[in-house]
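Results of the structural survey
Residues per chain, in single letters:
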Amino acid sequence: MTTGRMGVGIIGTGNISSAYLRAITGHENMAGFPVLDIKGLADMRPEASQARAAEFGLQSMSIDEMLGSSDIQLIINLTIPRAHVDVGLRALAAGKHVYSEKPLGINYAEGRKLLDAANRAGLRIGSAPDTFLGGSHQQARAIVDSGALGQMVGGTGFFMCPGHEAWHPDPAFYYDIGGGPVLDMGPYYITDLVNLLGPVARVSAMASRLRDQRTVLSEPKKGQVMDVKIDTHATASLGFANGAIVQVGLSFDVAAHKHVPLELYGTEASLIVPDPNFFGGDVEIRKRGRDEAWTKVEVTQPYADGNYRSLGVADMAQGILDNRPHRANGDLALHVLEVMEAFATASVEGRTVDIKTPVQRPEPLAASLKGGRI
């Protein structure tokens, strides 16, 4: 592992930026990621980047200043989904590697444009989510890879809630083009499933939109009415290249449910995988047999004890320094984006959609750790 640091700039200082900054700088008893040297924060609203910079003792700058800085090699793009590709293309044109919040783009064509531009420029694309690199999900991956589950049969994945207007301070973009439960929460579930099972080969789905408008329930915009421009409830069957079939439910319309986030089924055992929106959580296994019971698996892999949002950026920066592939990469994000777009296509056209984007399962994180950390 090459020792060094990479100059990083963050564009977009909204709600999620604080989680990235806490992880990078080592707040909340986390070790931090020394490979990431934050040179500045920028936002189209200067007052937003100035406030976030003051909070973390960092420098605020304009977007043009950031893209023109020779001290910055990698841009973390935390803008709203509809701006991900435009901002990413600007950063690539300035000669910067780009790591984007999810989704990679609001549709496959946009995501493809971003990857093509990066390939032409000899630069790298990374994308959230990176939670699949968390200790609990890497532990689940090790169990799958060990063959303990037998031949993979299928699984289930569920994220269902009443909607983000109950807690988010500015939730309108969740119901705009580029939002909705599939593009917002789907990346966590589908990325983790690809990490565990490999590429998706085909998708069938149905989706609905029960309301054309919704009311904000959280401050400071409580009472404001939002237009709903996307489907808010979707169910799909994902057929994986390895033969497994996984049923997925994603919704902003469900009052409550008792499904666990992820289950995997094999011929010899079944596995409960924790919420893929987090890095840690309980992993449980039950072997075949009437007298068997669910047992917790000890999580020995690192990064299970905190909100390490930016782990994927650190792996990307270290990968660039070491001249090796990074895991939360553009090919993975584009494959997941094609799968998510297939939800709508399959629903509208009433057919099974074949997934064409090739992708390799990311290498286990343990292969690149030194002293147990990035």
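Attention in this report is confined to the structure presented alongside it. In this text the structure is predicted, and so the values were computed from the model without any measurement.

1. Topic: the nonpolar core
Counting 109 residues, the largest nonpolar core has Leu74, Ile76, Val203, Leu238, Leu271 and Phe343 as the members making the most contacts within it. When sequence neighbours within four positions are dropped, the list of residues in contact with leucine 271 reads Ala140, Ile143, Val144, Leu149, Leu262, Glu263, Leu264, Val283, Glu284, Ile285 and Trp294.

2. A word on the sheet that holds strand S13 (residues 269-273)
The strands making up a sheet are joined through hydrogen bonds of the backbone, oriented either antiparallel or parallel. Spatially, the nine strands line up as an open sheet ordered S15-S14-S13-S12-S6-S11-S10-S7-S16, and their pairing is mixed. The open sheet terminates on both sides in strands that have one partner only, identified here as strand S15 (295-297) and strand S16 (353-354). As defined by bridge partners, strand S12 (residues 262-266) adjoins S13 across four bridges and the pair is classed as antiparallel. Directly across from tyrosine 265, in S13, lies its bridge partner serine 270. Packed onto the sheet, helix H6 (residues 135-146) meets S12, S13, strand S14 (283-287) and S15 and runs at close to 165 degrees relative to S13.

3. Examining H6
Under the 1.5 Å per step criterion, the end-to-end length of H6 is 16 Å for twelve residues, consistent within 8% with the ideal 16 Å. Most of H6 sits inside the fold, with nine of its twelve residues counted as buried. Turning to H6, the residues buried within the fold contact helix H7 (180-197), S12, S13, S14 and S15. In the stretch just after H6, glycine 147 is the one whose phi turns positive, near 85 degrees.

4. Quick notes on the packing of aromatic side chains
On inspection of all chains with the given rule, the structure shows seven aromatic pairs. Look at phenylalanine 279 and tyrosine 308: their rings are 6.3 Å apart centre to centre, the planes differ by 85 degrees, and that puts the pair in the edge-to-face class. Here phenylalanine 279, found in the loop between S13 and S14, pairs with tyrosine 308, found in the loop between S15 and helix H8 (311-322); they are 29 residues apart in sequence, far enough to count as distant. Take phenylalanine 279: its relative accessible area is 1%, and that puts it in the buried class.

5. Quick word on the environment of glycine 57
Position of glycine 57 relative to the elements: it lies in the loop between helix H2 (46-56) and helix H3 (63-67). Exposure remark for glycine 57: the relative accessible area of 67% places this residue in the exposed category. Between the C-alpha atoms of glycine 57 and valine 144, which are 87 residues apart in sequence, the distance is 43 Å.

6. A few points about the pattern of salt bridges
This structure, assessed with the given rule, holds 22 salt bridges. For aspartate 145, the salt bridge identified is with arginine 141, shortest N-O distance 2.8 Å. Of this pair, aspartate 145 and arginine 141 both sit in helix H6, four residues apart, which is roughly one turn of that helix. Between aspartate 253 and arginine 214 there is a salt bridge whose closest N-O contact spans 2.9 Å.

7. A look at the pairing of strand S3 (residues 74-77)
Side chains of S3 alternate between two faces, with Leu74 and Ile76 and Ile75 and Asn77 buried alike. Taken together, the four bridges between strand S1 (residues 6-11) and S3 define a ladder with parallel strand orientation. Each bridged residue has a counterpart across the sheet, and for isoleucine 10 the counterpart in S3 is isoleucine 76. Strand direction decides the pairing type here: S3 and strand S4 (residues 97-100), joined by four bridges, are parallel.

8. Looking at the side chain of histidine 84
Within the element layout of this structure, histidine 84 appears in helix H4 (residues 84-93). Histidine 84 sits in the buried class, given a relative accessible area of 1%. One polar contact links the side chain of histidine 84 to the main-chain carbonyl oxygen of proline 103, over a distance of 2.7 Å.

9. Looking at the sheet that holds S4
Here we have five strands laid out as an open sheet, ordered S2-S1-S3-S4-S5, and parallel in their pairing. Two strands in the sheet have a free side with no partner beyond their single neighbour: strand S2 (36-42) and strand S5 (125-127). The average undirected angle you get between the axes of adjacent strands in this sheet is 25 degrees.

10. Details of helix H5 (residues 108-121)
Taking 1.5 Å of rise per residue, the 14 residues of H5 would be expected to cover 20 Å, and the 20 Å separating its terminal C-alpha atoms lies within 8% of that figure. Turning to H5, its buried residues are Glu110, Gly111, Leu114, Leu115, Ala117 and Ala118. Projected down its long axis, H5 shows its buried positions confined to an angular sector of 160 degrees, all on one face. Within H5, the exposed residues directed more than 90 degrees away from the buried face are Ala109, Asn119 and Arg120. You can read the cap of H5 off the contacts: a side-chain oxygen lies 3.3 Å from the backbone nitrogen of alanine 109, and it is on asparagine 107. Where H5 terminates, the next one or two residues include glycine 122, which has phi positive at roughly 70 degrees.

Rules of the game
- Residues numbered from 1 in each chain as written.
- Predicted model: local features only at pLDDT ≥ 70, side-chain atom pairs only at ≥ 80, totals over all residues.
- Heavy atoms only, no water.
- Core = buried A, V, L, I, M, F, W, Y, C linked by side-chain atoms within 4.5 Å.
- Buried < 20%, exposed > 50% of the residue type's maximum accessible area, 1.4 Å probe, protein only.
- Contact = heavy atoms within 4.5 Å.
- Pairing = 2+ DSSP bridges.
- Helix = DSSP H or I, 4+ residues; strand = E, 2+ residues; numbered from the N terminus.
- Axes fitted to C-alpha atoms, helices over the stretch in contact; angles between N-to-C directions.
- Expected span 1.5 Å × (residues − 1).
- Phe/Tyr/Trp six-rings, centres within 6.5 Å; stacked < 30°, edge-to-face > 60°.
- Salt bridge = Lys/Arg side-chain N within 4 Å of Asp/Glu carboxyl O.
- Polar contact = N/O pair within 3.5 Å; in protein donor to acceptor, adjacent residues only side chain to side chain.
- Arc of directions from axis to C-beta.

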